[in-house]
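# Architecture at a glance
If you want the building blocks of each chain, they are given just below.
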Amino acid sequence: MSTVTPESFNEATIGRFDREVAKYPDEQRISAVMACLSIIQQEQGFVSPAAEAALAAYLRVEPIAVHEVTTFYNMYNQRPVGKFKLNVCTNLPCQLRDGQKALHHLEHKLGIAMGETTADGMFTLQQSECLGACADSPVMLVNDRHMCSFMSNEKLDQLVDGLRASEGKS
Amino acid sequence: MSAEQILNQFRATGVQTCFHGRHINPQIYADLNGSNWSLKDYEARGGYQALRKILAQDGGEGLTQDQVIATVKESALRGRGGAGFPSGLKWSFMPRQFPGQKYLVCNSDEGEPGTCKDRDILMYNPHIVIEGMAIAAYAMGISVGYNYIHGEIFEVYERFEAALEEARAAGYLGDNIMGSSYSFQLHAHHGFGAYICGEETALLESLEGKKGQPRFKPPFPASFGLYGKPTTINNTETFAAVPWIIRNGGQAYLECGKPNNGGTKIFSISGDVELPGNYEIPLGTPFSKLLELAGGVRKGRQLKAVIPGGSSAPVLPAHIMMECTMDYDSIAKAGSMLGSGAVIVMDDSRDMVESLKRLSYFYMHESCGQCTPCREGTGWLWRMVDRIDRGLGKPSDMALLDNVAENIMGRTICALGDAAAMPVRAMIKHFRHEFEAKIAAAQTPAKAA
Ligand SMILES: NC(=O)C1=CN([C@@H]2O[C@H](COP(=O)(O)OP(=O)(O)OC[C@H]3O[C@@H](n4cnc5c(N)ncnc54)[C@H](O)[C@@H]3O)[C@@H](O)[C@H]2O)C=CC1
Ligand SMILES: Cc1cc2nc3c(=O)[nH]c(=O)nc-3n(C[C@H](O)[C@H](O)[C@H](O)COP(=O)(O)O)c2cc1C
Ligand code: SF4
Ligand code: FES
């Protein structure tokens, strides 16, 4: 970890940060921390300590201020995850409509337990709390940004097989 | 196909949850089809007429700030975020002559298990929220606002940002709105997976770029809010109700519901019904009617219990629920709360110990850890329910469960502590025999052998 400066990010990324920072008063740049961290996660797959430090420099705050945010919010990956992070909701409303079953089906299909990543680094499987899509149960969030609704076992198979094929690993 | 294309195949279409045509006198969800969310479609439905009306852009005289607030008071609109606080009264708390910056915040952090109504508003009718916020900002003399959107619904956040761009380009947001002297800047902000950020003061901390840990109230946000400035926070659906009220009058809105419970309300129905989804109906509609709209209990089974207002609300057994009408006062009288309007339906095959175990896990997981009764108590509750469910419970656990729950209530900074405790107490009040049966089974020697 040598260069801890905002320049650790490329121009396009800084441009995305700037757009977020512009939403808040000048002296409140830190308000953009959540959005910037999610941009980092989208681009790098996870939030590394080096990225936290560089973002802190960009936001002009101490690295600990950024680290506190990374650790508080559930969706930030603090270490690398699979290419596709699958979050299946198992909260009560979903549990009543096969949310748990969907999670078990994926455990079986991927050959891993929840919380684990497949050996080829393709999939990480996690159980999650309410995604705010309860009437669509079973629901699954893929890579933080894609909600998949009404995920019957057949659709889960289609999705996993499709993603594998798209990566040339079917 | 690219990964993106594959994932898009599984996106919700809204047909099951929103465009099913089984609403009753809808105002917010009226005439939506999934492809008519944009500005020109919203205008064709009468959108932005309320904003034009107050700014005298429709040839009328315009409305003063006091008149807007009086109209909202008259409508008996109550906060749709869960607590049901009268919205007009909340707006009147804002110091209108305050010289510094004030803020308006929309709470779209919908994370209460069972609730997905705000998602469909923002996805399929985003401009109704923008117009409602612009009217509120005008009434309270606020020039900057944020909409805090649940991090898990990123596609909705992107949709809302697109709608903001449209509204700015059309002059409904920004400096000197429609040539008036009134300006309002509105931005979207997203969460990233913390239920507690739905609590209004945790939300403010989060907007400030910190951990989402609730503040003590009072002071309420109206006096000490975002960046320490006077702030008004309302739920997405609360703002979405405002344009209709301004167009049609407070009295007309009140008459849509019942006294003290004005207007329509969106209920998210999940669990054991044939047709889960969002249903917009007048407040005061019988629960039995709502259940019928949702296709009745699944697979012809019998209704066992209902959690009427999101997972934080006390459960009610079928016979009590079937007597209720869906409004704040009726559900409160029955011993629960209307909350966020998430109706979780359970049929006669459901095991209440197992159900409570899942809820207790959730509150333990989401406690922000600031208050000892909540941080320690939620874990303790879960461990007890878990051991009862696994056949390891002791007879003394029943009293202990109630005691721990009772000792959390009223002793914490925010209402999450109560939200964790209330479901436990209601479950053991109404379904005590199920807990006792599991404990008794655990005591029999046959089991031990
Ligand atoms: N929609 C959702 O996803 C969720 C909703 N909830 C709901 O949240 C509710 C609890 O919310 P709280 O904000 O803790 O309720 P609260 O009763 O403290 O406040 C309700 C609103 O009225 C305002 N208010 C109340 N008294 C005031 C006063 N004297 N002066 C100025 N303003 C005042 C508050 O600032 C707040 O905006 C629960 O009833 C639950 O149903 C809980 C979890 C999730
Ligand atoms: C733990 C907790 C979570 C909450 N989550 C939400 C939420 O997701 N959305 C919401 O509008 N209100 C939520 N609330 C209620 C808010 O604190 C606040 O009362 C509400 O946003 C005020 O808006 P209203 O008056 O329009 O209902 C939550 C409260 C608590 C205690
Ligand atoms: S009650 Fe729980 S969630 Fe609320 S502030 Fe205290 S510890 Fe945090
Ligand atoms: S409970 Fe699963 S999405 Fe809400």
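Predicted model only: the values in this text are computed from it and were never measured.

Our next topic: the packing of helix α6 (residues 117–124) of chain B against helix α10 (residues 236–248) of chain B. All names here are of chain B. α10 packs onto α6 with a crossing angle of 50 degrees between their chain directions and a minimal axis gap of 9 Å. It follows from the interaxial angle that α6 and α10 lie oblique. You can see that α6 and α10 cross each other, and the crossing is left-handed. In this structure, α6 contributes Lys117, Asp118, Ile121 and Leu122 to the contact, and α10 contributes Thr236, Glu237 and Ala240. Taken together, the residues of the contact of α6 with α10 sort by class into 3 nonpolar, 1 polar and 3 charged.

With that settled, the discussion passes to the interface of chain B and chain A. Between chain B and chain A, the residue contacts involve 74 residues of the former and 54 residues of the latter. Counting each side, the surface lost to burial between chain B and chain A is near 5100 Å², with a carbon and sulfur contribution of 59%. Area buried by chain B at its contact with chain A is led by Phe10, Phe192 and Arg358 of chain B, which between them contribute 18% of it. One can count 5 salt bridges joining chain B with chain A. For the pair chain B and chain A, the number of links is 23 residue pairs in polar contact (both at pLDDT 80 or more). Elements supplying a minimum of two residues to the side of chain B that touches chain A: α1 (3–8), β2 (144–149), α8 (154–169), β3 (185–190), α9 (200–207), β5 (264–271), β11 (342–347) and α15 (352–366) of chain B. Per element, the largest residue contribution to the side of chain B that touches chain A is 8 residues, and it comes from α15 of chain B. Here the residues of the side of chain B that touches chain A sort into 32 nonpolar, 23 polar and 19 charged.

Residue and element names in this part refer to chain B. Every one of the 18 residues lining ligand 2 counts as a neighbour, but Gly81, Lys90, Asn234, Asn235 and Thr238 are closest to it. A distance of 3.3 Å separates an oxygen atom of ligand 2 from a polar backbone atom of Arg80. In the model, an oxygen atom of ligand 2 is placed 3.0 Å from a nitrogen or oxygen of the Asn107 side chain. For ligand 2, whose unbound accessible area comes to 620 Å², protein coverage reaches 88%. The biggest single contributor to the shell around ligand 2 is strand β4 (residues 231–235), with 3 residues. Its residues assigned to classes, the shell around ligand 2 shows 3 nonpolar, 9 polar and 6 charged.

Taken together, 13 residues lie around ligand 3, and Cys368, Gln370, Cys371, Cys374 and Cys414 of chain B are the ones closest in. Taken together, the residues of the shell around ligand 3 break down into 8 nonpolar, 5 polar and no charged.

Before going further, it helps to examine the sheet that holds strand β1 (residues 103–108) of chain B. Residues and elements named next belong to chain B. Strands sit in the order β3-β2-β1-β4 across an open sheet of 4 strands; the sheet is parallel. Among the strands making up the open sheet, the edge pair consists of β3 and β4. Averaged over neighbouring strand pairs, the angle between their axes works out to 20 degrees when direction is ignored. As judged from the 6 bridges shared by β1 and β2, these two strands associate in the parallel manner. For Asn107, the partnering residue across the bridge sits in β2 and is Tyr148. Here α10 sits on the sheet and contacts β1 and β4; the angle it forms with β4, its principal contact strand, is near 90 degrees.

Turning our eyes to something else, we now look at the pattern of salt bridges. Scanning the model with the defined rule gives 45 salt bridges over all chains in all. Between Glu68 of chain A and Lys211 of chain B there is a salt bridge whose closest N-O contact spans 3.8 Å. Of this pair, Glu68 of chain A sits in helix α4 (residues 63–72) while Lys211 of chain B is found in the loop between α9 and β4, placing the two residues in two different chains. In this structure Glu68 of chain A comes out as partly exposed when scored by relative accessible area, which is 35%. For Lys211 of chain B, a relative accessible area of 26% corresponds to the partly exposed category. The salt bridge involving Asp272 of chain B is made with Arg350 of chain B; its shortest N-O contact spans 2.7 Å. Within this pair, whereas Asp272 of chain B is found in the loop between β5 and β6 (277–282), its partner Arg350 of chain B is found in the loop between β11 and α15, the two being separated by 78 residues in sequence. Here the residues in one salt-bridge network are Asp351, Lys357, Asp386, Asp389, Arg390 and Lys438 of chain B, joined through shared partners.

Residue and element names in this part refer to chain B. In this structure the tally under the stated criterion is 20 aromatic pairs over all chains. An angle of 5 degrees between the planes, with centres 3.8 Å apart, marks the rings of Tyr48 and Tyr172 as stacked. Placement of Tyr48 in the loop between α2 (39–44) and α3 (49–54) and of Tyr172 in the loop between α8 and β3 is noted, with a sequence separation of 124 residues between them. An identical accessibility class is assigned to Tyr48 and Tyr172; each is buried.

Judged by nonpolar contacts, the single largest core of 124 residues is most densely connected at Leu55 and Tyr73 of chain A together with Leu51, Trp91, Val129 and Phe184 of chain B. Shared between two domains, this core holds at least three residues of each, these being domain 1 (6–72) and domain 2 (84–166) of chain A. Residues contacting Tyr73 of chain A, with those up to four places away along its chain left out, are Met34 of chain A together with Tyr148, Phe192, Gly193, Ala194, Cys197, Ser206, Lys210, Lys211 and Gly212 of chain B. Membership of the second largest hydrophobic core comes to 29 residues, among which are Leu96 of chain A together with Met384, Ile388 and Ala405 of chain B.

Residue and element names in this part refer to chain B. Taking 1.5 Å of rise per residue, the 15 residues of α15 would be expected to cover 21 Å, and the 21 Å separating its terminal C-alpha atoms lies within 8% of that figure. All of the buried residues along α15 are Met352, Val353, Ser355, Leu356, Arg358, Leu359, Ser360, Phe362, Tyr363 and Glu366. Two to three positions downstream of the cap, the backbone nitrogen of Val353 sits 2.9 Å from a side-chain oxygen, assigning the N-cap of α15 to Asp351.

By a widely used convention, the size of an interface equals the accessible area lost when the partners come together. What the domain assignment reports for chain A is domain 1 (6–72) and domain 2 (84–166). For domain 1 of chain A and domain 2 of chain A, the distance between their C-alpha centres works out to 29 Å.

A few words on a nonpolar patch on the surface. Taken together, the side chains of Phe85, Leu89 and Phe93 of chain B define a hydrophobic patch exposed on the protein surface, amounting to about 260 Å² of accessible area. For Phe93 of chain B, a relative accessible area of 45% gives the class partly exposed.

Residues and elements named next belong to chain B. Secondary-structure assignment places Asp329 in helix α14 (residues 328–333). With 46 residues separating them in the primary sequence, Asp329 and Leu283 have C-alpha atoms 10.0 Å apart. Residues contacting Asp329, with those up to four places away along its chain left out, are Arg78, Pro259, Asn260 and Asn261. Within the structure, Asp329 has its side chain in polar contact with the side chain of Asn260 (distance 3.1 Å).

Before going further, it helps to spend a moment on the side chain of Asp118 of chain B. All names here are of chain B. Relative to the helices and strands, Asp118 is located in helix α6. A polar atom in the side chain of Asp118 sits 2.8 Å from the side chain of Lys117. Filtering out sequence-adjacent residues up to four positions away, Asp118 remains in contact with Asn107, Glu110, Asn235, Thr236 and Glu237.

Thresholds applied
The residue count restarts for each chain, going from 1 along the sequence in the order it is written. Chain letters and ligand numbers both follow the written order, the letters beginning at A and the numbers at 1. Where totals are concerned, whole chains, interfaces and linings use all residues; where local detail is concerned, this predicted model gives features only for residues with pLDDT of at least 70, and gives and counts side-chain atom pairs only at 80 or more. With hydrogens and water set aside, each side-chain value is computed from the structure's full complement of heavy atoms. Angular values range over 0 to 180 degrees, each being the angle between N-to-C directions of two axes fitted as lines to C-alpha atoms, with helices fitted over their stretch in contact. The helix and strand labels rest on DSSP assignments: H or I over at least four residues marks a helix, E over at least two residues marks a strand, and numbering proceeds from the N terminus. Our angle categories are set so that under 35 degrees counts as roughly parallel, over 145 as roughly antiparallel, 65 to 115 as roughly perpendicular, and the remainder as oblique. In this scheme the crossing of two helices becomes right-handed for a clockwise turn of the near helix relative to the far one and left-handed for an anticlockwise turn of less than a right angle. We call two residues in contact whenever any of their non-hydrogen atoms come within 4.5 Å of each other. Note on residue classes: Ala, Val, Leu, Ile, Met, Phe, Trp, Tyr, Cys and Pro are nonpolar, Asp, Glu, Lys and Arg are charged, and everything else, Gly too, is polar. By buried area we mean the combined loss of accessible area, with a 1.4 Å probe, across both parts when two parts are placed together. Any Lys or Arg side-chain nitrogen located within 4 Å of an Asp or Glu carboxyl oxygen qualifies as a salt bridge. Under the rule applied, a polar contact is a pair of N or O atoms within 3.5 Å (in protein, one hydrogen donor and one hydrogen acceptor; residues adjacent in sequence only if both atoms are side-chain atoms). Here a residue counts as near a molecule or strand whenever at least one of its heavy atoms sits within 4 Å of it. Using a 1.4 Å probe, accessible areas were evaluated by the Shrake-Rupley method; residue-level cover was limited to the displayed protein chains. Two strands form a pair only when DSSP identifies at least two bridges running between them. Burial classes: relative accessible area under 20% of the type maximum marks a residue as buried, over 50% as exposed, and values in between as partly exposed (1.4 Å probe, protein chains only). Within 6.5 Å between ring centres, the rings of Phe, Tyr and Trp (the latter by its six-membered ring) count as paired, and their orientation is classed by plane angle as stacked under 30 degrees, edge-to-face over 60, tilted in between. The set of buried Ala, Val, Leu, Ile, Met, Phe, Trp, Tyr and Cys residues whose side-chain atoms join them within 4.5 Å is what this entry labels a nonpolar core. Marked domain ranges trace back to an automatic or database domain assignment. In this analysis, the expected span of each helix is defined as 1.5 Å times one less than the number of residues it contains. Patch rule: a residue counts if its relative accessible area is over 30% and it has no salt bridge; like charges are joined within 9 Å, and nonpolar side chains (Val, Leu, Ile, Met, Phe, Trp, Tyr) within 5 Å.

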